[in-house]
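# Observations on the model geometry
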Amino acid sequence: MGTVQINRQAKYKSEEYTDLEMPSDDMDDYLENYHSKLVKARKETKCHYCGTTIKAGDQALSEKCFIDGKPYYIHDCLDCVEDVIKGWDDEAQTRWEQRAKESGYI
Ligand SMILES: [Zn+2]
């Protein structure tokens, strides 16, 4: 009996993810053509915020923009993004630290 791989799926409506504009306010001056989208990862990648591996087939938030004319393209895992949607609190911070430590990000 094999284990069934269940890919990570978004819990909320896609607008809730794309309305976030994850980069911090102090980056506003540098952001041109910011665009975010809920995507299904085509290949394995890492979360920009916690370093967790986003597997191919998992949903993730992709963010694209130009900073000082240079393209900037990242993926964020749903664990990070959904904690931001819910409201980042101490528990979210603890979960983030756990993920970041497991991935060797911090
Ligand atoms: Zn993450």
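How each quantity is defined
- Residues numbered from 1 in each chain as written.
- Predicted model: local features only at pLDDT ≥ 70, side-chain atom pairs only at ≥ 80, totals over all residues.
- Helix = DSSP H or I, 4+ residues; strand = E, 2+ residues; numbered from the N terminus.
- Expected span 1.5 Å × (residues − 1).
- Buried ≥ 20, exposed ≤ 12 C-beta atoms within 10 Å, placed from the backbone.
- Arc of directions from axis to C-beta.
- Contact = placed C-beta atoms within 7 Å.
- Pairing = 2+ DSSP bridges.

### Some remarks on helix α3 (residues 90-102)
In this model, α3 (13 residues) spans 18 Å end to end at C-alpha, consistent with the 18 Å of a helix rising 1.5 Å per residue. Looking one or two residues past α3, G104 carries a phi angle of roughly 75°, positive in sign.

### Looking at helix α2 (residues 78-86)
Looking at α2, one finds that the buried residues are L78, C80 and V81. Buried residues along α2 cover an arc of 160° about the axis, so they all sit on one side. On its buried side, α2 packs onto α1 (14-18), β4 (59-67), β5 (70-77) and α3. Of the residues flanking the end of α2, it is G87, one or two places downstream, whose phi is positive at about 110°.

### Description of the environment of K43
Its location among the elements puts K43 in the loop between β1 (31-40) and β2 (45-46). According to the C-beta neighbour criterion, K43 is exposed, with 8 such atoms within 10 Å. Sequence separation between K43 and K55 is 12 residues, and the spatial gap between their C-alpha atoms is 6.7 Å.

### Remarks on the pairing of β4
Note: β1 against β4, eight bridges, orientation antiparallel. Along β4, the bridge assignment pairs E32 with F66. Here β4 pairs with β5 via eight bridges, running antiparallel. Each residue of the ladder has a partner; that of F66, found in β5, is P71.

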